[in-house]
Amino acid sequence: MVSSEARKEPAAIVPDTVVMKFGGTSVASPDDLKRAARRIVAARERGQSVVAVLSARGKTTDELVAMAYEISDAPVARELDMLLSTGERQSCALCAMAIADMGYEAISLTGSQAGIVTDSSHTKARILDVQADRIRAALSSGQIVLVAGFQGVSTDSNDVTTLGRGGSDTTAVALAAALGAGVCEIYTDVAGVFTADPRIVPDARKLELLSFEEMLEMSASGAGVLQLRSVEYGRNHDVRIHCRSSFDDAPGTLVLPESETLERPFVTAVTHSENEARVTLAGIADEPGVAGRIFTALADANVDVDMIIQNEPVSTDHGADLSFTIERGDLAAATSALERTDLATPILTDDRIGKVSVIGAGMRSHPGVARDVFNALGELGINIQMISTSPIKISCVIAVDRVADAVRGLHDAFGLDRDEVLAEDPHGSAHHPRVRA
Ligand code: ASP
Ligand code: MG
């Protein structure tokens, strides 16, 4: 599920360089944009070299997507990228104007001008290289550099590419890696990463720190704070990430290498997604090569598969049943890719499913977390349709209309509204204490 970016030797850390990324809500109105500009200037006044990566303002990207679909049912991907990349350019140009008014020199750059080189998979491009010479030159001449997030340029075609929704996070982390910045600061409209979505669980707590592994599982299972690829990139290139509010100075959540996080709780957070769909292939041939053909078709259609379940047929005259989950938005692409294969089998779909996940690096060495998850859901009368686990995560597919109840129930069952429970004694009490003694 989690693939890795190419690993590179980390650039030498240059502590006086900081990369600050501002999300869409942090640059939405003129006042917001000026607040971001003041924060950037304040870092410059402290003597730091500042690179700021900006997202498109407010709902601009959604509006640009909608605009494309007003014109075409299937917008050409190259042109969609050309269109979407304009949102972040607006933010950067406007912010440069605001900074100039504050008496500092700033320069805005497109992803391409900033040296963000990608592959050519339009709308989902991956960063292959960062050629930051122009940024370095601008910084050493005393300029503040504003980089349009979420975009790059394809090595093959020289065309503009975008990095997938939320991709400005990845731009920022990639620049921090290339410049050897001490930290990549992600400024957003929430105070940090929480034990659950505060809109669902009002007493969710802000987490002080997380390991990359935990954050990867959280981003992969629905936490919207950081794009999954940015966390992968940070882990692979040793870039610490600080998620914090752009509206105050309070520290947010630090994402660090596991070796620096010491003991971790059994359960750190509950995440969820209401954005899933399930595909079931009923009675497929029980013979070698079938799964390979199915998932080749899906990979060729650029569909990311999450959970996969297959059982041995109950009897010899019965084929195998295979189910998997994907993002709901990929459902049409997945079914049409499967229809083009030679599988003579019904394709059943369900787009009313959601997923709830419990994550914690401490569960690796502590049995019983799965039992507690299943019991908590059972007590709420929530039926579990599919289960998948990693060493530090347990995910359950459930009906989409029970997701909020499940998140609240699990948050409560693991006492996440209280102080952290550290997994320091894996062979201790049979049932984990809710609060550390
Ligand atoms: N503007 C893009 C989006 O809305 C990229 C980003 O904000 O990170 O997904
Ligand atoms: Mg975002």
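Within the structure, ligand 1 sits among Ser55, Ala56, Thr61, Glu88, Phe150, Arg165, Gly166, Gly167 and Ser168. Note that an oxygen atom of ligand 1 is positioned 3.0 Å from one of the side-chain N or O atoms of Ser55. In this structure, a nitrogen atom belonging to ligand 1 sits 2.7 Å away from a side-chain N or O atom of Thr61. Its free accessible area being 260 Å², ligand 1 has 86% of it covered by the protein chains.

Side chains that are three or four residues apart share a direction in an α-helix, a result of its 3.6 residues per turn. Among the residues making up helix H10 (residues 369-379), those that are buried are Val369, Asp372, Val373, Ala376 and Leu377. Down the axis of H10, the buried side of the element spans an arc of 130 degrees, and every buried residue falls inside it. In this structure, the buried side of H10 is in contact with strand S16 (347-359), strand S18 (393-399) and helix H11 (403-413). Positive backbone phi, approximately 70 degrees, marks Gly381, located one or two places after H10.

What follows concerns the nonpolar core. Counting residues in each nonpolar core, the largest one holds 44 residues, and the members touching the most others are Val19, Val51, Val130, Ile135 and Leu175. Examining the composition of this core, we find that 8 residues originate from one element, helix H5 (residues 168-179), more than from any other. Core analysis: the next-biggest nonpolar cluster, separate from the first, contains 25 residues, Val201, Val356, Ile382 and Cys396 among them.

Time to look at the side chain of Lys393. Its location among the elements puts Lys393 in strand S18. We classify Lys393 as buried; its relative accessible area is 5%. Every residue in contact with Lys393, bar those within four places of it in the chain, is listed here: Glu217, Ser357, Val358, Ile359, Met363 and Ser388.

This part is about the sheet that holds strand S3 (residues 106-109). Backbone hydrogen bonds are what pair the strands of a sheet, in a parallel or an antiparallel way. Pairing is mixed in the open sheet, where 8 strands are placed in the order S3-S6-S2-S1-S9-S11-S12-S10. The open sheet has two free edges, formed respectively by S3 and strand S10 (209-211), since each of these has just one partner strand. Strand-to-strand twist across the sheet, computed as the mean angle between neighbouring axes with direction ignored, equals 20 degrees. Examined bridge by bridge, S3 and strand S6 (residues 144-148) share 4 bridges and lie parallel to one another. Of the residues in S6, the one forming a bridge with Ser108 is Leu146. Lying over the sheet, H5 contacts strand S1 (17-22), strand S2 (49-54), S6, strand S9 (184-188) and strand S11 (241-245), oriented at roughly 175 degrees with respect to S1.

This part covers unusual backbone geometry. For Thr123, which is not a glycine, the phi torsion comes out positive at approximately 70 degrees. Tracing the backbone through its elements, the reader meets Thr123 in the loop between strand S4 (116-118) and strand S5 (127-130). Not every positive phi belongs to a glycine, and Asp238 is a case in point at roughly 55 degrees. Classification of Asp238 by relative accessible area gives partly exposed; the value is 44%.

With that settled, consider the sheet that holds S16. Spatially, S14-S15-S13-S16-S18-S17 is the arrangement adopted by the 6 strands of the open sheet, whose pairing is antiparallel. The open sheet has two edge strands with one neighbour each: strand S14 (305-310) and strand S17 (386-390). Along the sheet, successive strands turn relative to each other by an average axial angle of 30 degrees, direction set aside. Sheet analysis places S14 next to strand S15 (residues 320-327), joined by 4 bridges and oriented antiparallel. Paired with Gln310 across the two strands is Leu322, which belongs to S15. The strands that helix H8 (residues 290-300) touches are strand S13 (269-284), S14 and S15; relative to S15, the one it contacts most, it runs at about 20 degrees. Where H11 meets the sheet, its contacts fall on S13, S16 and S18, and the angle it forms with S13 comes to roughly 125 degrees.

A word on the pattern of salt bridges. When the charged atoms of two side chains with opposite charge come close together, those side chains can pair. Summed over all chains, the structure comprises 21 salt bridges. A salt bridge links Arg371 to Asp372, with the shortest nitrogen-to-oxygen separation between them at 3.0 Å. For Arg371, a relative accessible area of 40% translates into the label partly exposed. Taking the relative accessible area as the measure of exposure, Asp372 reaches 11% and is therefore buried. Asp417 is paired through a salt bridge with Arg418; the nearest N and O atoms lie 3.9 Å apart.

With 12 residues, helix H2 (residues 60-71) ought to run about 16 Å at 1.5 Å a step, and its terminal C-alpha atoms sit 17 Å apart, in line with that. Here H2 has its buried residues at Thr60, Thr61, Leu64 and Ala68. The buried residues of H2 occupy one face: seen down the axis, they fall within an arc of 100 degrees. Looking at H2, the residues exposed on the side facing more than 90 degrees away from the buried face are Glu63 and Glu70. Residues of H2 that are buried make contact with helix H3 (77-101).

Chain-level statistics for the protein give a pLDDT mean of 91 and a share of 92% at 70 or above. Segment residues 1-6 is flagged for pLDDT under 50; beyond a separation of four residues in sequence, or across chains, it makes 18 contacts in the model. Low pLDDT, under 50, characterises residues 421-437; the stretch is placed with 36 contacts to residues that sit more than four places away or in other chains.

The rules we used
- As a convention, each chain's residues are numbered from 1 in the sequence order in which they are written.
- Working convention: letters from A go to chains and numbers from 1 go to ligands, in the order in which they are written.
- Where totals are concerned, whole chains, interfaces and linings use all residues; where local detail is concerned, this predicted model gives features only for residues with pLDDT of at least 70, and gives and counts side-chain atom pairs only at 80 or more.
- Processing note: side-chain calculations cover all non-hydrogen atoms of the structure and skip hydrogens and water entirely.
- The nearness test applies per residue and asks whether one of its heavy atoms lies within 4 Å of the molecule or strand.
- Here a polar contact means two N or O atoms within 3.5 Å. Within protein one must be a hydrogen donor candidate and the other an acceptor candidate, and residues neighboring in sequence count only if both atoms are side-chain atoms.
- Using a 1.4 Å probe, accessible areas were evaluated by the Shrake-Rupley method; residue-level cover was limited to the displayed protein chains.
- Each residue is assigned to one of three classes by its accessible area relative to the maximum for its type, calculated with a 1.4 Å probe on protein chains only: buried under 20%, partly exposed between the two thresholds, exposed over 50%.
- A helix here means a DSSP run of H or I that spans at least four residues, while a strand means a run of E at least two residues long, and both kinds are numbered starting from the N terminus.
- For this quantity, the arc is that covered by the directions from the helix axis to the C-beta atoms.
- Throughout, a residue-residue contact means that at least one pair of heavy atoms, one from each residue, lies within 4.5 Å.
- Grouping buried Ala, Val, Leu, Ile, Met, Phe, Trp, Tyr and Cys residues that are joined through side-chain atoms within 4.5 Å yields what is termed a nonpolar core.
- Pairing between two strands requires that DSSP report at least two bridges joining them.
- Structural elements are reduced to axes, namely lines fitted to C-alpha atoms, with helices fitted over the stretch in contact, and the angle between N-to-C directions of any two is expressed from 0 to 180 degrees.
- By definition, a salt bridge exists where a carboxyl oxygen of Asp or Glu is found within 4 Å of a side-chain nitrogen of Lys or Arg.
- To estimate how far a helix should extend, the number of its residues minus one is multiplied by 1.5 Å.
- Confidence scores labelled pLDDT are given residue by residue by the predictor and lie between 0 and 100.

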